[in-house]
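So you can see what is in the structure, the chains are spelled out below.
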Amino acid sequence: MGKYYICLDIGGTKVLGAIFNNKREIVHRIKKKTKAGGDDSANIENTIINLVEELLAEFKISIKDVIAIAAGAPGVINIEKGIVLFSPNLPWRNYEIKKAIEGKFKVPFFIGNDVNVGVYGEWKYGAAKGLTQVVGLFVGTGMGAGLILDGKLYTGHGDKGAECGHMILNPEGPKCNCGQRGCLEAFSSKQGIIDYARTQAARGRKTALEKAIKKGVLKSKDLKAAYDANDAVAIEAVDRACLYLAIGIGNLINTFSPEMVVLGGGVIESMGDVFLEKVLKDVDLYCMPSIRDTVTIKNAALGDDSILYGALAMIDDMLKK
Ligand SMILES: [Zn+2]
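Sequence order sets the numbering: in each chain, residues are counted from 1 along the sequence as written. With pLDDT at 70 or above as the cut-off, local features in this predicted model cover only qualifying residues; side-chain atom pairs require 80 or more to be listed or tallied, and sums for whole chains, interfaces and linings still use all residues.

Peer 1: How should the nonpolar core be read in this particular structure?
Peer 2: Side chains of a nonpolar character, in soluble globular proteins, are inclined to be buried together. A set of buried Ala, Val, Leu, Ile, Met, Phe, Trp, Tyr and Cys residues, joined through C-beta atoms within 7 Å, is what we mean by a nonpolar core. Buried, partly exposed and exposed are defined by the number of other C-beta atoms within 10 Å of a residue's own C-beta, namely 20 or more, between the two limits, and 12 or fewer respectively, with C-beta atoms placed from the backbone. If you look at the biggest cluster of nonpolar residues, it comprises 103 residues, and the most contacted ones within it are I6, C7, A70, A311 and L312. Considering every element that reaches this core, the biggest residue donor is helix α8 (residues 232-256), with 14 residues. The residue makeup of this core includes at least three contributed by each of domain 1 (4-118 + 305-320) and domain 2 (131-300). Once you skip the residues sitting within four places of it in the chain, L312 turns out to touch Y5, C7, F20, R24 and A70. Numbering of helices and strands runs from the N terminus; a helix is a DSSP stretch of H or I covering at least four residues, while a strand is a stretch of E covering at least two. As used throughout, domain bounds are those supplied by an automatic or database domain assignment. We call two residues in contact when the distance between their C-beta atoms, placed using the backbone, is within 7 Å.

Set out below in structure tokens:
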């Protein structure tokens, strides 16, 4: 009889894996790098399989001790069938990952969109515990979102919805990875921040973000360091990101009247309360006072583990079905 759960956070550059015991505590964890873009789907599948095998070996248990495995991954994912339809950062198209992992390990496997799963984790175990209407925005390389409506995870028709990061705030704004212009993501994600810094550097302004601009990759901790060192370009980029984030959140508050808006993801995690404080300062200007009055805006409580806890919650729900 199994008594452990394995939960995974599959990203474009890393896979995080953890073993939970039946008291819902993380008892062992591993982080592995994946090559962004360059890998084929088989390589990432192998990275996941190797990570699960390493977790088992290092914690000295066998797959027979595991009740189920679950994961969050970026992209459009059919939860019921366990198929990754499309992923912007992973080479997966109509990829039947449930079939592949269950075929290998012979235990149930579940997968959902990473930020949907992360917000689910914050709802079941973190900042939004016990509430029924929750909007979550995760600021990272992109801008993911998750919605808890009437006490349930809302993913829309075919699990393709809740893409709040791609609400268009200015159709003539900067280009977004989704192909549109002026999405919330294009202003307020790391992509938006680095694009702004690049424009300023091209005008001859000096900035500590120059290295990141050249590499095309901005680490959250480098953004934090530049911001703390009073780098003018970094401060402007963060101010701009937060202003648009406040506008986006204002729209979401008006639309859903949530009890709570949870901010999570790598940037929020690294920047401490910087984003939260700026958003709180501006958001009242962009939503109706009577709706704003009943919303709490908070940072995520589980930090980098939101997705792992959400995957655990997903196992509980799926096994009950
Ligand atoms: Zn977009």
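Peer 1: Sorry, what's going on with unusual backbone geometry here?
Peer 2: Notably, R24 is not glycine yet its phi reads approximately 65°, a positive angle. Assessed through the 13 C-beta atoms surrounding it within 10 Å, R24 is described here as partly exposed. Phi is positive for D159, close to 60°, though the residue is something other than glycine. Residue position: D159 is located in the loop between β11 (152-154) and α4 (184-188). For D159, a count of 20 C-beta atoms within 10 Å puts it in the buried group.

Peer 1: Would you explain the sheet that holds β11 in this entry?
Peer 2: Either a parallel or an antiparallel arrangement is found when strands of a sheet pair, and the pairing is made through backbone hydrogen bonds. Taken together, five strands build an open sheet; the order of strands is β11-β10-β9-β12-β13 and the sheet is mixed. Of all the strands in the sheet, the pair left with one neighbour each is β11 and β13 (296-299). Put simply, the sheet's adjacent strands are angled 25° from each other on average, direction ignored. Between any two strands, pairing holds if DSSP finds at least two bridges. With six bridges connecting them, strand β9 (residues 134-139) and strand β10 (residues 143-149) associate as antiparallel partners. Axis angles are defined between N-to-C directions and span 0 to 180 degrees, where every axis is a line fitted to C-alpha atoms and, for a helix, only to the segment in contact.

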